[in-house]
Amino acid sequence: EAGVTQFPSHSVIEKGQTVTLRCDPISGHDNLYWYRRVMGKEIKFLLHFVKESKQDESGMPNNRFLAERTGGTYSTLKVQPAELEDSGVYFCASSQDLQPDYGYTFGSGTRLTVV
Amino acid sequence: AQRVTQPEKLLSVFKGAPVELKCNYSYSGSPELFWYVQYSRQRLQLLLRHISRESIKGFTADLNKGETSFHLKKPFAQEEDSAMYYCALRAHSGAGSYQLTFGKGTKLSVIP
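Treat the numbers as computed from the prediction; the structure is a model and nothing was measured.

With that out of the way, let us pick up the overall build of chain B. Assigned secondary structure in chain B consists of 0 helices and 11 strands. Traced from its N-terminal end to its C-terminal end, chain B shows the element sequence β-β-β-β-β-β-β-β-β-β-β. Taken over the C-alpha trace, chain B has a radius of gyration of 14 Å; the compact-globule value for 112 residues is 13 Å, and the two agree within 12%. Counting only residues that meet the buried cut, chain B has 46% of its 112 residues in that class. Within chain B, residue pairs in contact and separated by at least 24 positions form 57% of the contacts whose partners lie at least 6 positions apart. Surface accessibility of chain B: about 5,700 Å² in total, with carbon and sulfur atoms responsible for 49%.

Below, the structure is given as C-alpha cells:
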C-alpha cells in the first residue's frame, strides 16, 4: 500500500506570504495527525482529524494556522501569514484506529523555511 | 502534562560496542511508550513499543515505572544503526484524541 505522502518536500517563502502544505494519508485511514518540529525543539502535536472532523486542535499555535480535511481524504495545512518562527519540519501521520498498537505511519515531512 | 526527556543530543559509539539511549518520562497515568527512528533521508518509523516487549533489529527497551524510564538498548552496535532516535509517550488528550509527546531525540553515530 502507498504510504503517507506529503507535498511539497521543501518550501522556502518570505515572511508574510502564505503557504499550503498537503498530506495524503494511507487510504482508509480515518485518523490524520499533524505534528511539527521547529529548530531545536521537540516534535509537537498540532491537531487530529477523524475523517473530516477536527477531533483535537489543541496544539495549533495560533489563528495563522488553518487545517482542513474536506471529504475526509487528504488534508491541507495553511499558514497565513507566515512568520519566521514557523520554520521547521511539518509531519503528517495517519492511522486506521484511534489507538493503534503499531503506532502511526508518518510521512516524510515538509521542511518549511520562512525568510 | 506529560513530558519526555532524552538527555543526550548526540551519542557516538564504536561498531560492536553496546548502545544505550536514555529516555525518561513524566506522566500521571499509565504510560504507553514508543521508540521511533529516522534514518538519513527517510521518514520517521516505529522501532518498538513497550507493550509488545519485542526486539527489533536487536534493540530492546524495558519500561521501568519506578525510575520512569524507557531506555533503548542494543548489545552490539552496527553502522546501519546510525540514525535519529525519538522516544515518545502516547496519552489521551482529554478531547477524545491521543497525542504523542516526543523527546528532543538522540542522534546515534556508530563509528566503523
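Turning next to the environment of Lys 51 of chain A. Residue and element names in this part refer to chain A. By secondary structure assignment, the location of Lys 51 is in the loop between β5 (43-50) and β6 (53-56). Judged by relative accessible area, Lys 51 falls into the partly exposed class, the value being 44%. A sequence separation of 21 residues divides Lys 51 from Gly 72, and the C-alpha atoms of the two residues are 4.2 Å apart. Apart from the residues lying within four places of it in its own chain, the contact partners of Lys 51 are Asp 30, Arg 69 and Gly 72.

This brings us to the state of the cysteines. Residue and element names in this part refer to chain B. This structure, assessed with the given rule, holds 2 disulfides over all chains. Two residues share a disulfide in this structure: Cys 23 and Cys 87, whose sulfurs sit 2.0 Å from each other. The disulfide joining Cys 23 to Cys 87 has a torsion of about -65° about its S-S bond and is therefore left-handed. Taken together, the positions of Cys 23 in the loop between β3 (19-21) and β4 (24-26) and Cys 87 in strand β9 (residues 83-92) put the pair 64 residues apart, joining distant regions of the chain.

This brings us to the interface of chain B and chain A. Taken together, the 20 residues of chain B in the interface contact 25 residues of chain A. Summed over the three residues of chain B that lose the most area to chain A, namely Arg 43, Arg 90 and Tyr 98 of chain B, the buried surface amounts to 29% of that side. Where chain B touches chain A, the interface holds 0 salt bridges. Where chain B meets chain A, there are 10 residue pairs in polar contact (both at pLDDT 80 or more). Within the side of chain B that touches chain A, the residues separate by chemical class into 9 nonpolar, 6 polar and 5 charged.

Bringing the sheet that holds strand β8 (residues 72-74) of chain B into the picture now. Residues and elements named next belong to chain B. Taken in spatial order, the 3 strands line up as β3-β8-β7 in an open sheet, and their pairing is antiparallel. Of all strands in the sheet, those with a lone pairing partner are β3 and β7 (60-61), marking the two edges. For β7 and β8, the ladder comprises 2 bridges, and the chain directions are antiparallel. Across the sheet, residue Thr 60 finds its bridge partner in β8, namely Lys 73.

Counting 25 residues, the largest nonpolar core has Trp 35, Leu 47, Leu 48, Phe 70, Leu 72 and Tyr 85 of chain B as its most contacted members. Of all the elements, β9 of chain B adds the most residues to this core, at 5 residues. Residues in contact with Phe 70 of chain B, not counting those within four places in the same chain, are Cys 23, Leu 33, Phe 34, Trp 35, Leu 48, Arg 49, His 50, Ala 61, Asp 62, Leu 63 and Cys 87 of chain B. Counting residues in each nonpolar core, the second largest holds 21 residues, with Leu 21, Leu 47, Phe 49 and Met 60 of chain A among its members.

So, about the environment of Gln 45 of chain B. Residue and element names in this part refer to chain B. Residue placement: Gln 45 occurs in strand β6 (residues 45-49). Sequence separation of Gln 45 and Lys 22 is 23 residues, and the distance between their C-alpha atoms is 18 Å. Among all residues touching Gln 45, those that are not within four sequence positions of it are Trp 35, Tyr 36, Val 37 and Tyr 39. A polar contact of 3.5 Å, which involves the side chain of Gln 45, links it to the side chain of Gln 42.

What counts and how
- Residues numbered from 1 in each chain as written.
- Chains lettered and ligands numbered in written order.
- Predicted model: local features only at pLDDT ≥ 70, side-chain atom pairs only at ≥ 80, totals over all residues.
- Heavy atoms only, no water.
- Helix = DSSP H or I, 4+ residues; strand = E, 2+ residues; numbered from the N terminus.
- Rg over C-alpha atoms; globule rule 2.2 N^0.38 Å.
- Buried < 20%, exposed > 50% of the residue type's maximum accessible area, 1.4 Å probe, protein only.
- Contact = heavy atoms within 4.5 Å.
- Areas by Shrake-Rupley, 256 points an atom, 1.4 Å probe, with all protein chains shown as cover.
- Disulfide = S-S within 2.5 Å.
- Buried area = accessible area lost by both parts, 1.4 Å probe.
- Salt bridge = Lys/Arg side-chain N within 4 Å of Asp/Glu carboxyl O.
- Polar contact = N/O pair within 3.5 Å; in protein donor to acceptor, adjacent residues only side chain to side chain.
- Nonpolar A, V, L, I, M, F, W, Y, C, P; charged D, E, K, R; others polar.
- Pairing = 2+ DSSP bridges.
- Core = buried A, V, L, I, M, F, W, Y, C linked by side-chain atoms within 4.5 Å.

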